Amino acid sequence: MADNPVAVPGDATPPPADPRAVLSRPAPPPDAQVRYGDHPDHVADLRAPAPGRSPRPLVVVIHGGFWRAEYDRTHTGPLAADLAARGYPVAQLEYRRTGQPGGGWPGTLDDVAAGVAALPDLARRGLPAGRVAPGPPILLGHSAGGHLALWYATLASADLRGVVALAPVADLAEAYRRDLDGGAVAALLGGGPDDVPERYAAADPARRTPPGVPVRIVHGRLDRQVPVEMSVGYAARARRSGADVRLVELPDCEHFGVIDPLSPAWATVLDALHSVGN
């Protein structure tokens, strides 16, 4: 596989006037909610796929927000509703975040690991019979959720079909050096790479063996929250190790277009999901 990322031709549609509008756009309510633990945030919203299609793999959506408490799964509602309308069963995972008791190291990562492991069975019991394809789920994560998806895949590739990482924080040490979102990585891990090296070794996808499942990364070149160079570096290193990691750079997309079903970037996200789900 070539080391050069793929630039999508024709992605010249201007981004929406307010790219952040997707964060507060209303979405239909979920079809069910399930619990994977005792904490109030140990929950996931389930969305049943539209009828009349062959069963597809469960898509577990891990939201972003730089791991901070002020952001939760609700802003992935438009994304999840669109995927369900296209025939995918969807689970929007919640987890404890920094600024909450138990959030940060190691609670945030522990929650994601527990939730992803439990959700296939919970979704098959919580959604109508026969609507979830047999086999492991796909992880779809955005921003900090992209980090968590890539990280989990290094732990449990055998339990996944693949990963779609949208503008992921794929290199925690580099994100710390760049001071993304004003100390977000330090808040998650309790310090920098020199302060808590063992935590970076455990939590940073860039320092771990790449996942053994297909990984598709979609990242906008206009992203100011998570610079695309982080994904370029991660993908190049992973490919050199033989991993099935592909990066698509979108020339005219910023940070939020990749989670907006109304954005021109959405077609590329759907292609990435199809690539790992078939």
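Once that is clear, we can look at the pattern of salt bridges. Applying the stated criterion across every chain, the model contains 15 salt bridges. Note that Glu94 is salt-bridged to Arg97, the shortest N-O span being 2.9 Å. Accessibility expressed as a relative area gives 4% for Arg97, which makes it buried. Linking Glu249 and Arg221 is a salt bridge whose minimum nitrogen-to-oxygen distance equals 3.0 Å. Placement of the pair is Glu249 in strand β9 (residues 245-250) and Arg221 in the loop between β8 (215-220) and α7 (228-240), with a sequence separation of 28 residues. Judged by its relative accessible area of 40%, Arg221 falls in the partly exposed class.

So, about the packing of helix α1 (residues 77-85) against helix α8 (residues 266-277). α8 packs onto α1 with a crossing angle of 60° between their chain directions and a minimal axis gap of 13 Å. By the angle between their directions, the pair α1 and α8 is classed as oblique. As α1 packs across α8, the resulting crossing turns out to be right-handed. Taken together, the residues of α8 that come into contact with α1 (itself represented by Leu79, Asp82 and Leu83) are Trp266, Leu270 and Leu273. For the contact of α1 with α8, the class distribution of residues is 5 nonpolar, no polar and 1 charged.

Across all of its chains, the model carries 1 aromatic pair by this definition. For the ring pair Phe66 and Trp67, a centre distance of 6.1 Å and an interplane angle of 70° mean the geometry is edge-to-face. Positioned over the ring face of Tyr88 is Arg56, at 4.6 Å from the centre of the ring.

On the secondary structure map, Thr268 appears in helix α8. By relative accessible area, Thr268 is classed as buried at 13%. Along the primary structure Thr268 and Thr74 are separated by 194 residues, whereas in three dimensions their C-alpha atoms are 23 Å apart.

Between its first and last C-alpha atoms α7 spans 19 Å; for 13 residues at 1.5 Å apiece the expected length is 18 Å, and the two agree. Looking only at α7, the buried set comprises Val228, Met230, Ser231, Tyr234, Ala235, Ala236, Ala238 and Arg239. Considering only its buried residues, α7 is in contact with α3 (144-155), α4 (172-178), β8 and β9. Directly beyond the C-terminal end of α7, a positive phi value near 95° is found at Gly242.

What follows concerns the environment of Asp181. Mapped onto the elements of the fold, Asp181 is located in the loop between α4 and α5 (184-189). Judged by relative accessible area, which is 38%, Asp181 ranks as partly exposed. The spacing of Asp181 and Gly65 is 116 residues in sequence and 9.3 Å in space, taken between C-alpha atoms. Ignoring anything within four residues of it in the chain, the contact list for Asp181 reads Phe66 and Arg68.

When you line up the elements, Asp82 lands in helix α1. The residues contacting Asp82, other than those within four sequence positions of it, are Pro261, Trp266 and Leu270.

It is worth spelling out the pairing of strand β5 (residues 90-93) at this point. Across the two faces of β5 the burial is the same, with Val90 and Gln92 and Ala91 and Leu93 all buried. As judged from the 4 bridges shared by strand β4 (residues 59-62) and β5, these two strands associate in the parallel manner. Across the sheet, residue Val60 finds its bridge partner in β5, namely Ala91. Remark: the β4/α1/β5 crossover connection has right-handed handedness.

Let's shift gears to the nonpolar core. Among the nonpolar cores identified, the biggest contains 57 residues, and Ile62, Trp67, Val116, Leu119, Leu139 and Val163 are the most heavily contacted of them. Here this core takes 7 residues from α3, the largest share from any one element. Residues in contact with Ile62, not counting those within four places in the same chain, are Leu93, Tyr95, Val112, Val116, Leu139, Leu140, Gly141, His142, Gly145, Leu148 and Ala149. Core analysis: the second largest hydrophobic core is formed by 27 residues, Val59, Val61, Cys253 and Phe256 among them.

Attention now goes to the environment of Ser231. On the secondary structure map, Ser231 appears in helix α7. By relative accessible area, Ser231 is classed as buried at 0%. The spacing of Ser231 and Leu273 is 42 residues in sequence and 18 Å in space, taken between C-alpha atoms. Excluding residues within four positions of it along the chain, Ser231 makes contact with Pro168, Ile217, His219 and Leu247. At 2.7 Å, the side chain of Ser231 and the side chain of His219 are in polar contact.

The rules we used
Residues numbered from 1 in each chain as written. Predicted model: local features only at pLDDT ≥ 70, side-chain atom pairs only at ≥ 80, totals over all residues. Heavy atoms only, no water. Salt bridge = Lys/Arg side-chain N within 4 Å of Asp/Glu carboxyl O. Buried < 20%, exposed > 50% of the residue type's maximum accessible area, 1.4 Å probe, protein only. Helix = DSSP H or I, 4+ residues; strand = E, 2+ residues; numbered from the N terminus. Axes fitted to C-alpha atoms, helices over the stretch in contact; angles between N-to-C directions. Parallel < 35°, antiparallel > 145°, perpendicular 65-115°, else oblique. Left-handed = near helix turned anticlockwise from the far one by under 90°. Contact = heavy atoms within 4.5 Å. Nonpolar A, V, L, I, M, F, W, Y, C, P; charged D, E, K, R; others polar. Phe/Tyr/Trp six-rings, centres within 6.5 Å; stacked < 30°, edge-to-face > 60°. Lys NZ or Arg CZ within 6 Å of the ring centre and 35° of its normal. Expected span 1.5 Å × (residues − 1). Pairing = 2+ DSSP bridges. Right-handed = clockwise from strand over helix to strand, strands pointing away. Core = buried A, V, L, I, M, F, W, Y, C linked by side-chain atoms within 4.5 Å. Polar contact = N/O pair within 3.5 Å; in protein donor to acceptor, adjacent residues only side chain to side chain.

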